[in-house]
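# Structural overview for review
Each chain is listed here by its residues.
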Amino acid sequence: IRGMAVGELRPHDLPRILWRECRVALLCGLTLALCNFVKLLVLDRVGLMVAAVVCLTLVVTVVLSQLLGAALPALAEKIGIDPAVMASPLITTIVDTTTLLVYFNIARVLLHL
């Protein structure tokens, strides 16, 4: 948002920005998921499939939140809305909602619910 405000970034930079954000988010999400997977199995003694649901959801959530956090302000600027409007509450609400949908769908598929 700062880059757009000072003119360093334009909406046509979005693919480059999303690619960079996706790589960082994937690395972060996989690292968190791996640590969490070991913790869930060793310390919490949950089942393998439950640990898989939690960790897969964690990876998808981190990637999705990074992509939405980068794309929504650029989209707002492209349609003529101040990108700062997309900064906090709206992005948080959208990410929280999509995260819940992702979690329940992953659990439904992997746990056959």
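Residues numbered from 1 in each chain as written. Predicted model: local features only at pLDDT ≥ 70, side-chain atom pairs only at ≥ 80, totals over all residues. Heavy atoms only, no water.

### Brief notes about the confidence of the model for the protein
- Of the residues in the protein, 95% reach a pLDDT of 70 or more, and the chain-wide mean stands at 87.
- Within the protein, helix H2 (residues 14-42) carries the highest mean pLDDT (93), whereas helix H1 (residues 2-5) carries the lowest (69). (pLDDT = per-residue confidence, 0-100. Helix = DSSP H or I, 4+ residues; strand = E, 2+ residues; numbered from the N terminus.)

### Quick notes on unusual backbone geometry
- You will see that Arg-45, though not glycine, has its phi angle at about 55°, which is positive.
- Topologically, Arg-45 is positioned in the loop between H2 and helix H3 (48-78).
- Using a relative accessible area of 69% as the deciding quantity, one classes Arg-45 as exposed.
- You will see that His-112, though not glycine, has its phi angle at about 55°, which is positive.
- Inspection of the secondary structure assignment puts His-112 in the segment after helix H4 (89-110).
- Judged by relative accessible area, which is 71%, His-112 ranks as exposed. (Buried < 20%, exposed > 50% of the residue type's maximum accessible area, 1.4 Å probe, protein only.)

### Some points on the environment of Thr-98
- In this structure, Thr-98 sits in helix H4.
- Sequence separation between Thr-98 and Leu-64 is 34 residues; the distance between their C-alpha atoms is 8.3 Å.
- In this structure, Thr-98 is in contact with Leu-64 and Leu-68, ignoring residues within four places of it in sequence.
- A polar contact of 3.1 Å, which involves the side chain of Thr-98, links it to the backbone oxygen of Val-95. (Contact = heavy atoms within 4.5 Å. Polar contact = N/O pair within 3.5 Å; in protein donor to acceptor, adjacent residues only side chain to side chain.)

### Comments concerning the packing of H2 against H3
- The N-to-C vectors of H2 and H3 enclose an angle of 160°; their axes lie 8 Å apart at closest approach. One element, H2, and the other, H3, form an angle in the roughly antiparallel class. The two elements H2 and H3 cross, and the hand of that crossing is right-handed.
- Taken together, the residues of the contact of H2 with H3 sort by class into 26 nonpolar, three polar and one charged. (Axes fitted to C-alpha atoms, helices over the stretch in contact; angles between N-to-C directions. Parallel < 35°, antiparallel > 145°, perpendicular 65-115°, else oblique. Left-handed = near helix turned anticlockwise from the far one by under 90°. Nonpolar A, V, L, I, M, F, W, Y, C, P; charged D, E, K, R; others polar.)

### A word on the packing of aromatic side chains
- In the structure shown here, the tally under the stated rule is one aromatic pair.
- Seen from their ring centres, Tyr-103 and Phe-104 are 5.3 Å apart, and the 55° between their planes marks the pair as tilted.
- According to the relative accessible area criterion, Phe-104 is exposed, its value standing at 52%. (Phe/Tyr/Trp six-rings, centres within 6.5 Å; stacked < 30°, edge-to-face > 60°.)

### As for the pattern of salt bridges
- Counted by the stated rule, this structure contains one salt bridge.
- We note a salt bridge from Lys-39 to Asp-44, for which the minimum N-O separation is 2.4 Å.
- Its relative accessible area of 36% is what places Lys-39 among the partly exposed residues. (Salt bridge = Lys/Arg side-chain N within 4 Å of Asp/Glu carboxyl O.)

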